[in-house]
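# Inside the fold
Residues per chain, in single letters:
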Amino acid sequence: NAETAMYHAKEQGRSNFQFYTEQMNASSLQRLLLEGVLRRALERNEFLLYYQPQISLESGKIIGMEALLRWQHPEKGLMAPAQFIPILEETGLIVPVGEWVLRAAATQIKQWQAMEFPRLRVAVNLSALQFRQPGLSQIIATILDEVGLNYASGCLEVELTESLIMKDVEGTIATLKSLHEMGVQISIDDFGTGYSSLSYLKRFPIDTLKIDQSFVRDLSTSPDDASIVTAIIALGHSLKLKVIAEGVETKEQLAFLQASKCDDVQGYLFSKPLPAAEITRLLQEGKLLYIKEA
Ligand code: C2E
Ligand code: MG
Ligand code: MG
Ligand code: MG
């Protein structure tokens, strides 16, 4: 299974990311060639989205999904974001690919709404270059209108990293406000790894803090990480934000998060990221509901 293979590749260390590491030292000619390859990948529709469920700890039900980009390379097979997103960012191709991601996610939300899953929310990752585009909220609104998705209900969420939003704070506030007024939910990804100013955090129209998986990983063995997780949950709740933990892999981690009143969880314990069709099948079979007793 490609997803598992990628997971193991990550576990084994960075040397496995040959595609990316080779390109890190690539000449400008090589970079130009790669840009062409990625541009054609977009034209040939080789990108696809996987979806990973997010579960509410209160209800035990799936409340949404995170959309995660994959590249079905004709020879190399399924590629994870770490292998190609840095190049998309370097070349600026992340902007059109990011628009493709939004269109694909919106189309999928609409399909789930037309089935028996009208309340699922889908989170999409935005990169810095995309977020700083002038008129971003209008661009997003146009894409969603073209798809015919009613997004005022909050079915679309965007995930932004801390370091991204802390640059040009005034610009960030303006963009976040217009997105939020449209009904787009805002989530801060990898929270705790950047340098958030807490006073700014209060000024942003944010809905969710997403605890980075690096703190979740050693929750059971590292008292420091456990303290950080507890502190982020308390901070989030005192700012009236929802808190979700990513990278939840074990029952021990889940038990800690339940006891700490974390709102939602996402991780391999519940499901790996899967193609939309597989997610739909699991939803229809009711197999993605988790059992409350951890
Ligand atoms: P992220 O947004 O923090 O996404 C979470 C990553 O953790 C995903 O990796 C997911 O597959 C992985 N993950 C989920 N559950 C577990 C778990 O229990 N254990 C472990 N060890 N990992 C888990 P993935 O799919 O390889 O994506 C990596 C990063 O690439 C994402 O991190 C995000 O920053 C970026 N990315 C993915 N899709 C997009 C996209 O459409 N646009 C942009 N701009 N960035 C994207
Ligand atoms: Mg994310
Ligand atoms: Mg994350
Ligand atoms: Mg992360």
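Here the structure is a predicted model, which is why all the values come from computation and not from measurement.

Only E66 (OE), N125 (OD1), E159 (OE) and D189 (OD) from the protein reach the magnesium ion (ligand 2) as donors, at distances of 2.0 to 2.2 Å. All donor residues of the magnesium ion (ligand 2) come from one chain, and their arrangement in sequence is E-x58-N-x33-E-x29-D. The metal-metal distance between the magnesium ion (ligand 2) and the magnesium ion (ligand 3) is 3.7 Å, with D189 coordinating both. A residue pair is termed long-range when its members are at least 10 positions apart, and N125 in strand β4 (residues 121-125) and E159 in strand β5 (residues 156-161) qualify at 34 residues.

It is worth spelling out the pattern of salt bridges at this point. Under the criterion given, the structure shown has 10 salt bridges. Between R281 and E285 there is a salt bridge, with its nearest N and O atoms 3.6 Å apart. According to the relative accessible area criterion, R281 is partly exposed, its value standing at 40%.

When the terminal C-alpha atoms of helix α7 (residues 136-147) are compared, their 17 Å separation across 12 residues agrees well with the 16 Å that a helix rising 1.5 Å per residue should span. Along α7, the residues that are buried comprise L136, S137, I140, A141, I143, L144 and V147. Taken around the axis of α7, the buried residues stretch over an arc of 165°, which confines them to a single face. Looking at α7, the residues exposed on the side facing more than 90 degrees away from the buried face are Q138 and E146. On the buried face of α7, the contacting elements are α5 (94-114), α6 (128-131), β5 and α9 (169-182). Just beyond α7, the residue with positive phi is G148, at close to 85°.

Here the focus is the packing of aromatic side chains. A full pass over the atoms with the stated rule returns five aromatic pairs. Seen from their ring centres, Y51 and W112 are 5.1 Å apart, and the 75° between their planes marks the pair as edge-to-face. Within this pair, whereas Y51 is found in strand β1 (residues 47-56), its partner W112 is found in helix α5, the two being separated by 61 residues in sequence. Residue classification places Y51 among the buried residues on the basis of a relative accessible area of 2%. Ring geometry for W71 versus F84: centroids 5.8 Å apart, planes at 80°, classification edge-to-face. Remark: F84 occurs in the loop between β3 (77-79) and α4 (85-91) and W71 occurs in strand β2 (residues 62-73); sequence separation between them is 13 residues.

Scoring rules and cut-offs
- Chains are numbered independently. Their residues run from 1 in the order of the written sequence.
- Working convention: letters from A go to chains and numbers from 1 go to ligands, in the order in which they are written.
- It should be noted that, the model being predicted, local features are given only for residues of pLDDT at least 70 and side-chain atom pairs only at 80 or more, the latter also being counted only at that level, while totals for whole chains, interfaces and linings use all residues.
- Excluded from the side-chain calculations are hydrogens and water; all other atoms, namely the structure's heavy atoms, are used.
- The rule for donors is simple: N, O or S, within 2.8 Å of the metal, or within 3.2 Å if the metal is Na, K or Ca. Water isn't counted, so a site may look like it is missing partners.
- Runs of H or I in DSSP of at least four residues are treated as helices and runs of E of at least two as strands, each being numbered from the N terminus.
- Each salt bridge in this description consists of a side-chain nitrogen of Lys or Arg and a carboxyl oxygen of Asp or Glu lying within 4 Å of one another.
- Only protein chains enter the accessibility calculation, which uses a 1.4 Å probe. A residue is then buried if its area is under 20% of the maximum for its type, exposed if over 50%, and partly exposed in between.
- What a helix should span is 1.5 Å times the count of its residues minus one.
- This arc is taken over the directions from the axis of the helix to the C-beta atoms.
- Every residue pair with non-hydrogen atoms within 4.5 Å of one another is taken to be in contact.
- Only Phe, Tyr and Trp rings are paired, with Trp represented by its six-membered ring, and only when their centres lie within 6.5 Å; those with planes under 30 degrees apart are stacked, over 60 edge-to-face, the remainder tilted.

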